[in-house]
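# Examining the three-dimensional arrangement
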Amino acid sequence: MKQRIAFIGGGNMGRSLIGGLIAKGADPAQLVVADPYAPTLQSLQAQYNVQTVSNNADAVRDADVVLLAVKPQELRNVISSLQEQLLRTRPLLISIAAGILATDIQRWAGGVPVVRCMPNRPAMQGCGVTALYANDLVTDENCTLAEQILGAVGATLWVERETDMDTVTAISGSGPAYFFLLIEMLEAAGQSLGLSPEVARKLAVETAYGSGFMAHESSDSPATLRQQVTSKGGTTEAALKHLEANNVRAIFSQAVAAAAQRSAQLAKELGN
């Protein structure tokens with residue numbers, strides 16, 4: 001990858017992408033990071049030998065790609081302050097700010113190609129999944145480049161409708177928290193039945209890890225995998241019957257819908 005990439009924001013996700021890109025062969029000299037927090041810049045420079053600046057305008061001056069990794073509430077001011085420069089050089093903008101529409105980013109920037117992304121927390125471990133959406137100014141070459149960049153930290157997929165990003169946010173963006181809650185509940189249940197905290201946590205965490213790995217590697221559907229673990233009249237069936245009787249599917253469906261609705265609401269609030 002020969003393109004010069006400017007990162008606006010050197011927080012956890014920005015750092016993960018930098019590390020992933022370098023691990024896949026990117027030249028650190030082609031990566032520049034802007035962040036107002038000096039210790040963050042010092043840490044990134046020491047760990048990855050990337051260029052660092054405290055001023056956003058300095059970072060984007062010669063950039064082919066500008067990756068926006070700032071808080072959603074800060075994004076409008078950041079882009080607006082760079083509008084003149086962005087219009088002059090017309091880099092590809094890649095935003096990982098949750099809830100901000102590509103149409104709003106394009107409007108604030110004055111009309112440049114925008115790819116909106118929703119990575120999730122496991123990207124920090126290199127095993128995330130990122131959904132991408134491209135506005136009408138994005139070329140096929142831009143799409144390939146965006147996919148290469150986000151692919152440095154896990155799987156990628158494209159959605160055709162920007163409204164789908166609200167569902168993506170509810171499924172994969174918020175999704176890790178659902179699994180962490182399940183691990184937390186399994187751990188607590190084990191302790192309530194007499195296991196030590198250490199044993200309960202080990203069993204819950206390793207079971208989640210192994211189950212996720214099986215689902216990832218298997219060609220069978222999750223429903224089929226569940227059925228394979230569930231013996232008629234056995235312990236698993238007893239647990240699942242209790243969950244089904246208490247409407248676990250409806251409760252979970254409603255929870256995901258609430259997350260999607262909140263994502264759409266935030267987009268409206270932050271895009272004004």
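Description of the structure in this document. Computed from a prediction, not measured in an experiment: that's the story for all the values here. (Residues numbered from 1 in each chain as written. Predicted model: local features only at pLDDT ≥ 70, side-chain atom pairs only at ≥ 80, totals over all residues. Heavy atoms only, no water.)

## Observations regarding empty space enclosed by the protein
The full count for this structure, using the stated rule, is 1 cavity of 30 Å³ or more. The volume enclosed by the largest cavity comes to roughly 30 Å³. Around the largest cavity, the lining residues are Val66, Leu68, Val78, Ile79, Leu82, Leu86 and Leu93. Put simply, the parts of the chain that give the lining of the largest cavity at least two residues each are β4 (65–68) and α4 (72–89). Here the residues of the lining of the largest cavity are counted per class, giving 7 nonpolar, no polar and no charged. (1 Å grid on protein atoms, 1.4 Å probe; cavity = no way out; pocket = protein on both sides within 12 Å on 5 of 7 lines; lining within 4 Å. Points joined across faces, edges and corners; volume = space filled by probe spheres on them. Helix = DSSP H or I, 4+ residues; strand = E, 2+ residues; numbered from the N terminus. Nonpolar A, V, L, I, M, F, W, Y, C, P; charged D, E, K, R; others polar.)

## Considering the pairing of strand β5 (residues 92–95)
Residues Leu92 and Ile94 line one face of β5 and the alternating positions Leu93 and Ser95 line the opposite face, and both faces are buried. Pairing geometry for β4 and β5, over 4 bridges, is parallel. Looking across to β5, one finds that Val66 is bridged to Leu93. In this region the chain leaves β4, passes through α4 and returns to the parallel neighbour β5; the handedness of that crossover is right-handed. Where β5 meets strand β6 (residues 114–118), 3 bridges bridge the pair, whose relative direction is parallel. The partner of Leu93 across the bridge, within β6, is Val114. The handedness of the β5 to β6 crossover, carried by helix α5 (residues 102–109), is right-handed. (Buried < 20%, exposed > 50% of the residue type's maximum accessible area, 1.4 Å probe, protein only. Pairing = 2+ DSSP bridges. Right-handed = clockwise from strand over helix to strand, strands pointing away.)

## A word on the pairing of β6
Burial within β6 is extensive, with 5 of its 5 residues counted as buried. Residues Val114, Arg116 and Met118 line one face of β6 and the alternating positions Val115 and Cys117 line the opposite face, and both faces are buried. Across 4 bridges, β6 lies against strand β7 (residues 128–134) in antiparallel orientation. Bridge pairing in β7 places Val115 opposite Ala134.

## Structural notes on the layout of surface pockets
In this model, the second largest pocket occupies a volume close to 660 Å³. For the second largest pocket, the lining is made up of 27 residues, of which Met13, Ala69, Val70, Lys71 and Pro72 are closest to its centre. Looking at the lining of the second largest pocket, the elements with two or more residues in it are α1 (12–23) and α4. A breakdown of the residues in the lining of the second largest pocket according to their chemical character gives 15 nonpolar, 8 polar and 4 charged.

## Concerning the side chain of Arg4
Assignment of secondary structure puts Arg4 in the segment before β1 (5–8). Leave out the neighbours within four places in its chain, and Arg4 touches Ala29, Gln30, Val32, Gln51, Asp62, Ala63, Asp64 and Val65. (Contact = heavy atoms within 4.5 Å.)

## A short note on the packing of aromatic side chains
Scanning the entire structure with this criterion turns up 1 aromatic pair. Arranged with centres 5.4 Å apart and planes meeting at 80°, the rings of Tyr178 and Phe252 form a pair that is edge-to-face. With a gap of 74 residues between them, Tyr178 in helix α8 (residues 175–192) and Phe252 in helix α12 (residues 248–271) connect regions that are remote in the sequence. By relative accessible area, which is 23% here, Tyr178 ends up partly exposed. (Phe/Tyr/Trp six-rings, centres within 6.5 Å; stacked < 30°, edge-to-face > 60°.)

## A short note on a nonpolar patch on the surface
Taken together, the side chains of Leu181, Leu182, Met185 and Leu186 present a nonpolar region at the surface, about 360 Å² in accessible area. The residue Leu181 is located in helix α8 in this model. The class for Leu181 is partly exposed, based on a relative accessible area of 42%. (Patch = residues over 30% accessible without salt bridge, like charges linked within 9 Å, V, L, I, M, F, W, Y side chains within 5 Å. Areas by Shrake-Rupley, 256 points an atom, 1.4 Å probe, with all protein chains shown as cover. Salt bridge = Lys/Arg side-chain N within 4 Å of Asp/Glu carboxyl O.)

Taken by themselves, the reported measurements are silent on function.
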